[in-house]
Amino acid sequence: TLRLRTADDEFTIDRVNAGLADVALARSTSLEHRDALGRETQSRLFLPDGRRPSEIRALIVKVYPGTVETGAWAGPLALTYGTRSEVLVGQGYAVLSPSMPIDAPGTNTADFYALSVDLAIDAAFAAHPDLPRDRTVIIGHSFGGYAALAIATRSDRYRAYIATSAVTDMFGEWGEFDPGTRILPEDFIQMRNQQGWVEVGQGERGGPPWSDPEGYRDFSPYLAADRITAPVLLITADRDYIPMSQSERMFSALYRLGGRARLVTYWGEHHAAWSPANIRDRYAQILAWLDETLTATPSARAARPTPGPSPRMPPPP
């Protein structure tokens, strides 16, 4: 509602989406448990109203290291960023935002991510035993997308993965130009942003690739794609400061390995989708992927992550 307020009175000028006035967004509840360092922590669980746990379609685990989503309203721009838990809950899914601490040495690793999420999921199942244990999915955006793929290389617990705007290869993220750098290469701002993120930001590599190639390798899900056993949906955009080649190379690896993957690219979009049509389509793509992967029978390939390279190519037609 757009209102004009004066010293004497208040006038309604316009009103839009009046039909949504009675929609109640899902609220999260706290799950208290110990984190992977043995400390008391809290994860948050969103549950659909009016559904028993046994009627919930699946448990979606929305990951982002260092952050737990509470569902607090942060303004309309928040609707464009990532995937909103409330939308997924409205479709009959439960959403878990797990506590994933990265505040101590050794915590910003794929193994620690997987352990942290396992502890949060175990707490959710302990509090709600009827949640669907055989239908769990990992989803993440940006650094959360990276974490989702890192977990995919370490776990066979999940039926599917969804990674949007995800870094997959630290070598490429460090050196590849993003759209801003290609347009203004003399400015160097985005180049410093990319290298800074990898070296001293969330990437935490501590230096350039040649200073620690093994660390860069261990922090690159692309280089462990042969250990991913579940289907992967990758979503990217050509104007994103995380180059779309990051998702493309992961898709190429999974294709080469004979795995199941889908790549969706939004042209003209940035790190967060702005076009209402694209936002609607992104949710449609995600919900369709959930329908396809959660109703399908898990393949024999999904038994265990493989310990080493094992190319799996489909037979020729």
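Use the structure listed above.
Residues numbered from 1 in each chain as written. Predicted model: local features only at pLDDT ≥ 70, side-chain atom pairs only at ≥ 80, totals over all residues. Heavy atoms only, no water.

Caption draft 1: Structural detail: the overall build of the protein chain. When you go through the protein chain residue by residue, the secondary structure sums to nine helices and 10 strands. For the protein chain, the spread of C-alpha atoms along the three principal axes comes to 70 × 55 × 50 Å. Relative to its 317 residues, the protein chain shows a buried fraction of 46%. Of all intrachain contacts in the protein chain linking residues separated by at least 6 positions in sequence, the fraction that spans at least 24 positions is 70%. In the structure as shown, the protein chain presents an accessible area of about 15,700 Å², 55% of it carried by carbon and sulfur atoms. With 32 positive and 38 negative side-chain charges, the protein chain shows a spacing of 6 Å between the two charge centroids. (Helix = DSSP H or I, 4+ residues; strand = E, 2+ residues; numbered from the N terminus. Buried < 20%, exposed > 50% of the residue type's maximum accessible area, 1.4 Å probe, protein only. Contact = heavy atoms within 4.5 Å. Areas by Shrake-Rupley, 256 points an atom, 1.4 Å probe, with all protein chains shown as cover. Lys, Arg positive; Asp, Glu negative; His and termini not counted. Charge placed at Lys NZ, Arg CZ, Asp CG, Glu CD.)

Caption draft 2: Main features of the pattern of salt bridges. Applying the stated criterion across every chain yields a total of 18 salt bridges. Between R34 and E40 there is a salt bridge, and its shortest N-O distance comes to 3.2 Å. Judged by relative accessible area, which is 56%, E40 ranks as exposed. (Salt bridge = Lys/Arg side-chain N within 4 Å of Asp/Glu carboxyl O.)

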